[in-house]
Each structure stands twice: as C-alpha cells, then as structure tokens.
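# Structural overview for review
Take a look at the letters that make up each chain.
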Amino acid sequence: MTTDLPSVAPAVTAELVAALSPRLRKRLDAGVAKLRARPAVREGDAVRIALDDDTDIVLEAPGGTVTSATAIRCGCLLAPDCLHRAVVASAAPIADDTAADDADDPYDADAPDGRTAREDEGTRPEQSRTEAAFDRQPTDRQPAAADRPAPSPPAPPGEADDHDAPTTGHMDAARAVFDATAAVLVAGTDGAGAVLQAELLRAAHSARLAGLPRASAAAVSVVNGVRAARTGDAGYRLADLTGALADVLGVTHRLPRATGAELAGLRGSARRPYRPDGSLRLYGLFSEPVLTATGYAGAVTWTVDTDGRLYSVADVAPGGAARAASAAGRTVRMGDTALTHGELSRAGLAVSGATVSPTGRLGAGGTVRAVRAPGAAWREEPSAGLWAEPVAEQVRRALNGTHDLLFLDVTLIGAVREAAGDCLLADCGGVPVRLTTAHDDPALPFRDNLRLLAAVPGTRLRVVARLVPAPLPRAALLAAEHPGDAAARVNLGLDRLQRADLPRLAPGPVPHPAAPAGVFEEAPLHLLRRRVQQAVSGGRRVLSLARGDRGDGARLRAAGLATAADLLDALHAAAAVRARDAFGRLLPADTDRFARAWLAAAVYTDTVESALCAHAWEKAAVPV
C-alpha cells in the first residue's frame, strides 16, 4: 500500500511526529505496520484510506506531494491530535525536499511531469547503481562547458554566503544532522523506529534551509534505507545503507573544518544547472532501466559524441516496475525527434542548441532541437574508442568519483554460485571478472538474460557494465553485443534474450583463467567490514556483546593490518563503554564517540577496498 500513497515532505512528517505525546509515540511503529495493510483509494489529487467502517484519513496532494500538515485530515474523534496523521505520514514515501528550490530552472524541461532535475549528491541507498547513473560527477569525457562548478544555494536569511568558511548556521545544521544520524546508528535498523526517523527528517529539512543540500539529501537517504530494511523491501541492500550512513556522518563531521572548494563540495548543490553546449552529433550506446524504492521508475539512455564524450537522456517519473520495464518504448523528450529510448540506444541524434548538466545529462528546453540521425556499431568509431581505453584506467576513473561505466571485451566462462545468487564469470584480458545483475526485480529481464549468457561459455562479447567496488573484479552487467550477431546489441535490463538467439556451442575447451594471486585475496578486511555492517543492522548493543571476541583483531594484525585491528578495538570499546552517575546508574551511551569510531572504521574499509579493487583490475589487458 505504501507505493499508493503520495509522497510527504520531510518537514511534515517531522512536525506531526513531534506533536505526539510520549504515550502515542510508543504506539507509532505498531500503527505504521497496521496501516500498511489498509487499501488506499485515489480521488483526484487526494488519497483516502479507510481506517475502519466509520473512519477515513485523507491526504491532499496536489502535484502528488503533501506539503503541509493540514493537508492530512483524519475523521476520528481525537483529530487533529490523533495518532493516525503521524502514522500515515511515517508510512508514505519521502518527498523530494528540493523541488521548490528548482522551480525556476530554465533548462529543466527534461524533467518529466514538470518535476525539476537535481544534482543529488547524497544518492539514496535504496537506489541501485543503475538508477544513480545520471547523478554522477563530471568526467574528463564531459564537455568543457559542463565542467563548471554548480552554483551554491543561497545562504540562510541574515547570513552572508561565504565560500571560505562555514557559517554558524552551517555548523549548527551539520551538528543536528550528525547527532540525529548517530542516534539512528546506535539503535540500528531494528531499533530505529518512526520517531528516530522523524528526528532525522527534521534535521535534514533544517540542513536544506541552512544551505546544505548534500547533507540533507544524504540524511533522507538514510531514512529511506532504514524504512526499506524494516519493511523487508526486496531492493534493500545493507551495503547501500552502510554507505549512506558513512556519507552523511562524513560530510557533517568534516564540514565545520572545511574551507574553499572542499566546503563547496560538502555543501553540495540543490539543483543541476544546465549550460549551453551548441550543436552535438550523438551516437546511441545503450539504455538501462531505473527503478527506485521511493516510487520512481523510467530509463536512462547513454550516448557518445564524435570526440568520445558521454551524454545521457533520462525519463524518470513516479511509477513502479511496470513503468521501468516498458521504458524502452517511451519517446525521448527532446526536440522534434520521435525516437524511443530503445531506438536511440541503437541510432543517433543530431542536436542543436544543446544544454548539458555537469554530469553530462542533456536538457530538453524549448530552444533545443533534435532529429534522428544514423547510429554506429560498437566496433565502429566513435563508440570503439570507449573500449580502446585501458581497463585499469577506466576503473581508476570510476573509483575517483567520475562515471562508473566500464567498457569491456570479455570471454564468457559460465555461472558462479554466490550467497546473493548466481553471477556470470568472464575473462577480461586475463583477469576473471564476476558480472552480476544491476537490479534483481523480476519484472526486469536482467536475471534471465544473465542465465542465458552463462549457457554459452567461450563466447566473446563486448559489454557495458557498472563497476562494483570489491577486492575481486566485479561489475554489474548493463548491455552486451548480441551473442548471435556482433553488429547488434542488447539492453539487458530492457530487452529479453531468447534461447534461439544463442549461438551453438563451439567444440573445444572453455578458457578458465587462473584465479589471480595477490594480497587482496589474503587480507581479511571482511572482518572489519562485518562489524561495521553489524552495527548498522543491530546497533551499538550488538558490538558491545561481541567485544570479548579478540580473534578478529589478532587475525588482522597477523595479516599486517594493524590499523584495521586498532579501529576494530576502538569500535568495540566505544560500543561497550557506559558511564555511571553518582548513584551508580548507567548513563546513556556516548553516541558521539560511537559514531566517530564507526565512521573511522567505515572510511578505512572503503579506502582500502578501493585500493584493492584498483589493484585487482590492473592486470586486465586491452584485447587487440
């Protein structure tokens, strides 16, 4: 039922929950669970939920978003001071809190349904890497006009917009977000109920008003991830929520001491500015579906110009798996072209008056003109140049925060069983690479297509994948040459392969490259990562109970990872330490100390794993 509800602004949820009495707050989580079983009926701009035979609750959502507490009305006798209004706000999707800031964006006609596009630097954890593709930072393949820094949001009223040092408003807002996030971390997903979520949403809203859109978006990402974990959402990933927590804690921890360009980056940009880029001749590369846990779906089509620079065209709007699965047949909203996303992925486009965001996303304003043009095969220029770049260079660029697309020539080996499901093992220049699905939703053909490709070992293919940082080479498969026709291509999240498309197996042995040797296979970094993720799920108490286990620290030191062992010890100590008052009673846990110890361990594991990932790909050769 949650997906049938309109989105609710974070400030509205925070206001309704804060107005509850302590007694009603204790009943809030149980009320949210009960509400999920009630049907929602849409009546124009309103959504009505029958609480029982005599009581309804109505959400007025013009434009699909509830923007004020008065827009949620309940028919019970205790209204408006009842529990029901806070319950429905806590169960509904979280609205994009930056939409109002973007209303005057002149180049935002490409945002569907009148919504504005934003440079969401705090990518939601429940987003797959697929759906975050068009929110990446600019790359050396982006046009120079798109490399200009985004304008900063206006400073809070009464304070100067100072890029050299954070203002008092910045530091107060960052402190509030840090404290609220630390409280969620200490409780873990099991204990972070609607009350803690509302406190974090309140802090996120305050951060946006203070001119910190990156911290605000990252905080909302955490709430979305916690909700996905508590509801058993199939799209929930513990690693994504861990990354979101590390992002928001890292940003708010560093911001008070940041200056200049670092401060501008930590503050972020509330909207994606579009800049004129003249005329472009684009060649389609591939399309990928977008499906988020917050109710958005669609597709992104990637193109390349004659100089090898990447551009994307997006069509993302409220919807579910059905909209994502059918996105290939939707018309690209740009100029006079009637091309669909599926057609553009194989054809070309001639654009005049182009507008481009810093991430390479093409705008579709009234001055933009676009017509269909011939495309180019992947083995022809300019597309072929993407595959000519050394794989190790592509990986380094992805790890440095630029676009994370990899253009690989691989030889398929077969399926490999893992705890999360089967993946496809392939040989890439002598390096074994595990190719996984980009999204597990059964409505998308990723999983079925991967199984069919695994059935033709020995097949050589040119593929597009998204890097998955890991100690062993891993990437999410997005598109590939057609296994039966190298001149064709398959969008693996939108097109469905058939067994008749597969080539006959050639006789002879299938190549199985030897497992790469190196320190990344022996370093037991997973021992620290496991504790970092356990804290996210179970909170501080789980780590305090595991403090007596000294084996992990000894194994890390024996492997030469003394810093990892020290960080693990500090994390356990921060989880276990509890002070007492003058009467011997336990005081509340030191959430600040625990959050900082956890952040240090999370940043260390991410940094080391990125280095191991780059090392693992270094031996990949460029096929001749």
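Residues numbered from 1 in each chain as written. Predicted model: local features only at pLDDT ≥ 70, side-chain atom pairs only at ≥ 80, totals over all residues. Heavy atoms only, no water.

## Quick word on the overall build of the chain
Threshold: Put simply, DSSP marks the helices as runs of H or I at least four residues long and the strands as runs of E at least two long, and each gets a number from the N terminus on. Exposure categories follow from relative accessible area, calculated using a 1.4 Å probe and restricted to protein chains: below 20% of the type maximum is buried, above 50% is exposed, and the middle band is partly exposed. Any two residues having at least one pair of non-hydrogen atoms within 4.5 Å are treated as being in contact.
Along the chain, the regular secondary structure elements total 20 helices and 17 strands. Counting all 624 residues of the chain, 54% fall into the buried class. Look at the contacts in the chain between residues 6 or more apart in sequence, and 67% of them connect residues 24 or more apart.

## A word on the sheet that holds strand β9 (residues 310–318)
Short version of the rule: One bridge is not enough; two strands pair if DSSP finds at least two bridges between them. Angles shown run from 0 to 180 degrees and are taken between the N-to-C directions of axes, each axis being a line fitted to C-alpha atoms and, for helices, limited to the stretch in contact.
The antiparallel open sheet is built from five strands, whose spatial order is β9-β8-β7-β10-β11. At either margin of the open sheet sits one strand with a lone partner, and together these are β9 and β11 (369–373). Each strand axis lies, on average, 35° off the axis of its neighbour in the sheet, ignoring direction. Sheet analysis places strand β10 (residues 348–356) next to β11, joined by five bridges and oriented antiparallel. Counted as the bridge partner of valine 351 is alanine 370 from β11.

## With respect to unusual backbone geometry
The peptide bond linking alanine 79 to proline 80 adopts the cis configuration, its omega dihedral lying at 5°. Checked against the element boundaries, proline 80 lands in the loop between β6 (72–74) and α4 (84–91). With an omega of 5°, the peptide bond running from glutamate 381 to proline 382 counts as cis. Relative to the helices and strands, proline 382 is located in the loop between β11 and α12 (384–388).

## Some details on the pairing of strand β3 (residues 46–50)
Where strand β2 (residues 40–43) lies against β3, four bridges are found, and the strand directions are antiparallel. What sits directly across from valine 41, in β3, is arginine 48. Where β3 folds back on strand β4 (residues 56–60), the antiparallel hairpin that results is connected by five residues.

## What to know about the nonpolar core
Under the convention used in this document: Throughout this description, the term nonpolar core refers to a set of buried Ala, Val, Leu, Ile, Met, Phe, Trp, Tyr and Cys residues connected via side-chain atoms within 4.5 Å.
If you look at the biggest cluster of nonpolar residues, it comprises 63 residues, and the most contacted ones within it are Leu185, Val222, Phe594 and Trp598. Put simply, the parts of the chain that give this core at least two residues each are α5 (168–191), α6 (194–209), α7 (213–230), α8 (238–254), α9 (260–267), α16 (526–538), α19 (562–576) and α20 (591–617). With 59 residues, the next largest nonpolar core counts Val391, Leu405, Leu467 and Leu492 among its residues.

## Things to note about the environment of aspartate 501
Structurally, aspartate 501 is set in the loop between β17 (485–491) and α15 (519–522). Residue aspartate 501 is classed as partly exposed on the basis of its relative accessible area, which comes to 26%. A C-alpha to C-alpha distance of 6.9 Å links aspartate 501 and proline 483, two positions 18 residues apart in sequence. Not counting residues within four places of it along the chain, the set of residues in contact with aspartate 501 comprises His482, Pro483 and Gly484.

## Some details on the pattern of salt bridges
For clarity, the threshold we go by: For salt bridges, the criterion is a side-chain nitrogen of Lys or Arg within 4 Å of an Asp or Glu carboxyl oxygen.
Scanning all chains against the criterion turns up 32 salt bridges. Residues arginine 346 and aspartate 495 are paired through a salt bridge, measuring 2.6 Å at the closest nitrogen-oxygen approach. Here arginine 346 is found in the loop between α11 (341–344) and β10, whereas its partner aspartate 495 is found in the loop between β17 and α15, with 149 residues between them in sequence. Residues participating in the shared-partner salt-bridge network are Arg175, Asp179, Asp592 and Arg596.

## Considerations on the confidence of the model for the chain
Filter applied, for reference: Values of pLDDT, ranging from 0 to 100, describe the predictor's confidence in every residue of the model.
Within the chain, residue pLDDT values average 83, and 83% of them lie at 70 or more. Long-range and interchain partners of residues 506–511, a stretch whose pLDDT sits below 50, account for seven contacts in this model, where long-range means more than four residues apart. Ignoring residues within four places in sequence, the model shows residues 513–521, a span with pLDDT below 50, making 16 contacts including any to other chains.

## Some remarks on the environment of glutamate 618
Within the secondary structure layout, glutamate 618 lies in the segment after α20. The sequence separation of glutamate 618 and proline 390 amounts to 228 residues, and the corresponding C-alpha distance is 9.2 Å.

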